[in-house]
Amino acid sequence: MVINKRVKIRIPDINDDLLNEFVQTATDRIKLRLGLADFPTELESIAVEVVCAMHNRKYHQGIKSENADTFSVSFVDDILSEYQSDFDRYLEIKEKQENANRGVLRFI
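These figures come from a predicted structure and were not determined experimentally.

Reading the values: the criteria
Residues numbered from 1 in each chain as written. Predicted model: local features only at pLDDT ≥ 70, side-chain atom pairs only at ≥ 80, totals over all residues. Heavy atoms only, no water. Axes fitted to C-alpha atoms, helices over the stretch in contact; angles between N-to-C directions. Helix = DSSP H or I, 4+ residues; strand = E, 2+ residues; numbered from the N terminus. Parallel < 35°, antiparallel > 145°, perpendicular 65-115°, else oblique. Left-handed = near helix turned anticlockwise from the far one by under 90°. Contact = heavy atoms within 4.5 Å. Expected span 1.5 Å × (residues − 1). Buried < 20%, exposed > 50% of the residue type's maximum accessible area, 1.4 Å probe, protein only. Polar contact = N/O pair within 3.5 Å; in protein donor to acceptor, adjacent residues only side chain to side chain.

As a further point, take the packing of helix α2 (residues 16-34) against helix α5 (residues 84-99). In the contact formed by α2 and α5, the axes pass within 11 Å of each other and the chain directions differ by 60°. It follows that α2 is oblique to α5 by the angle criterion. Handedness of the α2/α5 crossing: right-handed. Contacts between α2 and α5 involve Ile 30, Arg 33 and Leu 34 from the first element and Gln 84, Phe 87, Tyr 90 and Leu 91 from the second.

As a further point, take α2. With 19 residues, α2 should cover 27 Å at 1.5 Å per step; its first-to-last C-alpha distance of 27 Å lies within 8% of that length. What α2 keeps buried is the set Leu 18, Leu 19, Phe 22, Val 23, Thr 25, Ala 26, Thr 27, Ile 30, Lys 31 and Leu 34. In this structure Asn 15 caps α2, since a side-chain oxygen of it lies 2.8 Å from the backbone nitrogen of Asp 17. Positive phi appears at Gly 35, one or two residues downstream of α2, with a value of about 70°.

Now the structure itself:
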């Protein structure tokens with residue numbers, strides 16, 4: 001996965017299992033937040049930043065609650081809230097693209 005490779009460039013010594021868990025958690029939470037079924041490539045940079053933030057907060061800033069190497073939903077949501085304006089812009093652009101051909105009559 002592209003996200004894993006990009007995170008490895010930024011954090012070369014991250015454990016692969018932990019990296020996979022962080023990526024899965026970040027992408028799942030982003031999809032839920034935006035109501036998406038699939039993870040779009042346009043949001044990969046945000047996922048990379050979120051995964052790096054998850055790693056940094058775990059090892060450098062500490063976290064309040066953690067269970068079995070997973071983060072609480074509120075912890076990840078706190079990180080994601082930093083990107084809300086980007087998410088809003090993405091949804092706005094996506095809606096404009098979906099509406100571009102709506103109401104257009106084409107003769108064949």
